[in-house]
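# Structural characterization, general
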Amino acid sequence: MKKPYGLTMRSIVKNEEGKILVLRRHPKSKTNPHKWELPGGKMEKGELFDEALIREVKEETDLDVKVGDFCEAVQDDYPHKRTVQLIMYSKDITGEVKISDEHDDWMWASINEIKSLDITSSLKKIIEKRNGEI
């Protein structure tokens, strides 16, 4: 049986120092438990890309963002599904970070700090595809 595809929107949210917001998934998560990732999540049926990105960033971080430029796209395969992740830059970021129950930690990190973390395979792919520049 072919595995279904899902579409996920992820955001590169940077602070004034140029550090990137990363979140650590809850240890009981079905996929990528306790791994670090970019904020974002699944699109809902009928939702536009920008709506999904803004909604997911708000749900996971309590930040308000606007959608910036496209960064990258990657595919991940899980035992029960495949996902295509569209990674977009966020801009005009306002608010204070307050994470949801989906995650148990967060940090602003440089790309070198992110490379030293236990990150999701999709975040590794993004860093590799962009030659470490995100």
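Going by the structure above, here's the rest.
Residues numbered from 1 in each chain as written. Predicted model: local features only at pLDDT ≥ 70, side-chain atom pairs only at ≥ 80, totals over all residues. Heavy atoms only, no water.

### Topic: the overall build of the protein chain
- Of regular secondary structure, the protein chain possesses 3 helices and 7 strands.
- Secondary structure elements in the protein chain, listed N-terminal to C-terminal, are β-β-β-β-α-β-β-β-α-α.
- Since a compact globule built from 134 residues should have a radius of gyration of about 14 Å, the 14 Å found for the protein chain is in line with a globular shape.
- Based on the C-alpha atoms only, the size of the protein chain along its principal axes is roughly 45 × 35 × 30 Å.
- Across the 134 residues that make up the protein chain, the buried fraction comes to 46%.
- In the protein chain, the share of contacts with a sequence separation of at least 24, taken over all contacts with a separation of at least 6, comes to 65%.
- Carbon together with sulfur atoms contributes 50% to the accessible area of the protein chain, which is approximately 7,600 Å² in total.
- Computing the positive centroid from 24 side-chain charges and the negative centroid from 26, the protein chain places the two 7 Å apart. (Helix = DSSP H or I, 4+ residues; strand = E, 2+ residues; numbered from the N terminus. Rg over C-alpha atoms; globule rule 2.2 N^0.38 Å. Buried < 20%, exposed > 50% of the residue type's maximum accessible area, 1.4 Å probe, protein only. Contact = heavy atoms within 4.5 Å. Areas by Shrake-Rupley, 256 points an atom, 1.4 Å probe, with all protein chains shown as cover. Lys, Arg positive; Asp, Glu negative; His and termini not counted. Charge placed at Lys NZ, Arg CZ, Asp CG, Glu CD.)

### Describing the nonpolar core
- Of all hydrophobic cores here, the largest spans 16 residues; its most connected members are V22, L38, I114, L123 and I134.
- Looking at which element gives the most residues to this core, the answer is helix 3 (residues 121-129), with 3 residues.
- Those residues within four positions of L38 in sequence are excluded, and the remaining contacts are R10, S11, I12, I20, L21, V22, I87, L123 and I126.
- One finds L21, L23, V57 and V97 within the second-largest nonpolar core, a separate group that totals 13 residues. (Core = buried A, V, L, I, M, F, W, Y, C linked by side-chain atoms within 4.5 Å.)

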